[in-house]
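# Coordinate inspection notes
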Amino acid sequence: MVKKIFPIAIVVFVSVLAVLDLANYGIPPTHDGEYHVLRFQQFNKVLSEGILYPRWAPDFNNGFGVPLFNYVYPLPNFAAAFFHSLGFGFIDSLKLNMAAATFVGAIFMYLWTRRYFGEWGGVVSSVFYTFSPYRFLDIYVRGSAGEVWSLGLAPALLWSYYSYYEFKRKKFLVLSSVFLALLVLAHNILALVFFVFFILYTSYLILNTKEKKALITDTLLIGISGLGLSSPFWLPAILETKFVVGLQVFDPTQHFPILYKLIYSSWGYGFSGANTSDQMSFQIGIANLIAVASSVLAFFFLKNKKTLVFFIGLFVLTVFFITPFSVILWEIIPFMAYIQFPWRLLSLVILVASFLAGSIVQDSLFKKKGKIQTVVALFLILLSIGLSIRYAKAPFYHKRGDQHYLTRSNFTDGTNSPGNAFNTKWLSGIPEKRKNKIKVVSGLAEIKIDKIKSTTYSFMVNSKGDSKILINTAYFPGWTAEVNNKKINIENFNGRMLLKISAGVNNVRVFLDYTPIQKLSYVYFLASVLVLAIYKKEKVRT
């Protein structure tokens with residue numbers, strides 16, 4: 001029993017060590033952390049009003065609202081809402097997001113790689129993954145909750161798929177679809193990176209099985225259903241991008257790291273770019289580089305060399321794409337610009353390098369499992385922790401609570417995005433604040449407000465003749481108006497909503513309904529759930 005518990009205990013302990021610094025009071029000074037705090041509050045506000053998938057941030061944009069959550073990855077927001085329901089503040093919910101994602105990644109990295117390398121190999125891979133410098137960069141420098149969740153969920157997807165590859169059980173196929181969906185919901189950009197890797201990985205496994213046709217069919221089902229489960233996010237985010245402005249277009253060729261900084265660079269807290277001093281650290285990690293080099297040596301002592309060849313080759317290829325030598329490919333491959341920063345591929349580099357670390361202590365390298373294997377594994381674990389533990393902390397913490405952000409106009413009045421992205425295309429910049437949400441702009445009418453919620457306004461208009469009512473909310477497809485239970489047209493008035501009301505007493509309800517694209521995404525979602533529910537694949541392992 002002790003032997004079975006000991007490996008997972010190491011994995012959990014190392015995970016705690018990686019995020020222990022987050023237990024400090026306050027918030028570290030990261031690139032994205034403060035954005036997340038405000039987003040969590042707005043997302044939770046709409047969710048608490050009974051909207052199961054919030055898309056609108058009602059208080060941003062000087063109170064005119066913005067369709068922020070129609071485009072921004074939702075998983076960290078849902079996780080924060082869960083933590084908040086347990087009594088945690090939004091700053092603590094951000095830190096709990098980071099911690100939970102780190103635990104998920106460590107455990108599933110162990111579960112996946114031990115299938116290849118045995119218990120100690122799995123532990124070593126997990127520790128190397130948890131203590132890779134880039135992970136700490138995401139947590140303590142960039143504050144990117146979505147990317148940290150992606151790092152956590154990628155090994156979960158690989159574990160579930162490899163489990164299905166081995167055992168052909170329905171539960172692993174369903175789990176693979178679910179983890180793929182969660183990966184997309186975690187961070188749209190890294191989802192693309194890991195999805196490409198997933199295709200390469202599954203293709204490699206398919207080529208090495210006799211049941212190619214069946215596995216190809218099942219893999220396609222995983223891909224289609226996984227995308228279906230996540231379609232309420234990605235389908236509108238792609239097809240309704242034309243309704244918003246300010247999306248920053250980054251030139252990836254301006255963000256190649258200096259080559260030596262992939263090996264070692266000082267730990268800064270700035271940004272990347274041709275016009276900056278590259279204050280961020282882009283190091284792969286000395287321990288990871290040692291692991292990759294050692295795996296090349298281990299290659300010569302193994303009978304099954306294909307897996308190592310695949311991962312070593314993938315490591316070299318990915319690092320190549322991070323360097324300026326690949327500039328021509330970044331310019332001619334269309335979707336590459338979507339990744340924004342070449343150094344973002346370090347997410348894949350550390351996963352592959354950590355996988356290779358486990359090969360150094362895999363069971364087949366030792367004639368007898370025993371002290372030598374244990375000593376080598378413990379040495380590698382201590383090496384990984386020792387070389388990176390200084391990065392497992394923030395430089396300091398702002399001793400602030402949630403109210404510091406929720407009550408300051410410099411945090412609440414914009415769109416909560418760099419450059420005020422995601423504002424509707426019909427508004428010319430951020431509008432000035434308005435005292436009244438609903439007002440008469442033409443005709444003689446009285447307004448009596450019944451209820452104003454985040455995405456629903458109910459009010460009565462007593463009009464002596466035809467009148468026009470202006471609603472100081474950003475115009476956006478999906479907003480719907482009903483007068484006396486009958487739909488009427490909403491006009492765009494300088495980016496705001498204008499209603500034409502007839503004479504008499506009118507009960508008006510304005511609410512954010514689903515757009516046609518959003519409705520299609522929910523149909524795709526439900527179809528995917530149905531297909532997975534009725535799928536009857538039996539165990540066929542031989």
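Below is a summary of the structure that appears in this document. Fair warning: this is a prediction, and the values are worked out from it, not measured in the lab.

## Notes on unusual backbone geometry
For residues other than glycine, phi is negative in most cases, and the peptide bonds are mostly trans. One non-glycine residue with positive phi stands out, namely Lys 168, at about 55°. Assignment of secondary structure puts Lys 168 in the loop between helix H6 (145–167) and helix H7 (170–186). On the basis of relative accessibility, which here comes to 8%, the residue Lys 168 falls in the buried class. Of note in this structure, Asn 484 is not a glycine but carries a positive phi near 50°. Among the structural elements, Asn 484 can be located in the loop between strand E7 (479–483) and strand E8 (486–488).

## Quick notes on the pattern of salt bridges
The full count for this structure, using the stated rule, is 11 salt bridges. When the shortest N-O distance is used, the salt bridge between Lys 433 and Asp 413 registers 3.4 Å. Within this pair, whereas Lys 433 is found in the loop between strand E2 (423–424) and strand E3 (438–442), its partner Asp 413 is found in the loop between helix H18 (409–412) and E2, the two being separated by 20 residues in sequence. On the basis of relative accessible area, Lys 433 is assigned to the exposed category, the value being 52%. The salt bridge partner of Glu 482 is Arg 509, with a shortest N-O separation of 3.8 Å.

## A closer look at empty space enclosed by the protein
As enumerated under the stated definition, the model contains 1 cavity of 30 Å³ or more in all. Of the voids in this model, the largest cavity is the one considered here, and its volume is about 50 Å³. Forming the boundary of the largest cavity are Leu 22, Pro 28, Thr 30, Leu 94, Lys 95, Met 98, Ile 139 and Gly 143. Ranked by residues supplied to the lining of the largest cavity, first place goes to helix H4 (residues 90–130) with 3 residues. Here the lining of the largest cavity is built from residues that sort into 5 nonpolar, 2 polar and 1 charged.

## Notes on the sheet that holds strand E11 (residues 504–512)
Sheet strands pair via backbone hydrogen bonds, and the direction of the pair is either parallel or antiparallel. Reading across from one edge, E4-E5-E11-E7-E8 is the order of the 5 strands in this open sheet, with antiparallel pairing throughout. Every other strand in the sheet has two partners, leaving strand E4 (445–452) and E8 as the edge strands with one partner each. Along the sheet, successive strands turn relative to each other by an average axial angle of 30°, direction set aside. When strand E5 (residues 456–463) meets E11, the two strands line up antiparallel, connected through 8 bridges. In the sheet register, Ser 458 faces E11, and the bridge partner there is Arg 509.

## A look at the environment of Tyr 134
For Tyr 134, the position within the fold is in helix H5 (residues 133–142). For Tyr 134, a relative accessible area of 1% corresponds to the buried category. A sequence separation of 149 residues divides Tyr 134 from Gln 283, and the C-alpha atoms of the two residues are 7.2 Å apart. When residues no more than four places from it in sequence are discounted, the contact partners of Tyr 134 are Arg 142, Glu 147, Trp 343, Arg 344, Leu 346, Ser 347 and Ile 350.

Reading the values: rules and limits
Residues numbered from 1 in each chain as written. Predicted model: local features only at pLDDT ≥ 70, side-chain atom pairs only at ≥ 80, totals over all residues. Heavy atoms only, no water. Helix = DSSP H or I, 4+ residues; strand = E, 2+ residues; numbered from the N terminus. Buried < 20%, exposed > 50% of the residue type's maximum accessible area, 1.4 Å probe, protein only. Salt bridge = Lys/Arg side-chain N within 4 Å of Asp/Glu carboxyl O. 1 Å grid on protein atoms, 1.4 Å probe; cavity = no way out; pocket = protein on both sides within 12 Å on 5 of 7 lines; lining within 4 Å. Points joined across faces, edges and corners; volume = space filled by probe spheres on them. Nonpolar A, V, L, I, M, F, W, Y, C, P; charged D, E, K, R; others polar. Pairing = 2+ DSSP bridges. Axes fitted to C-alpha atoms, helices over the stretch in contact; angles between N-to-C directions. Contact = heavy atoms within 4.5 Å.

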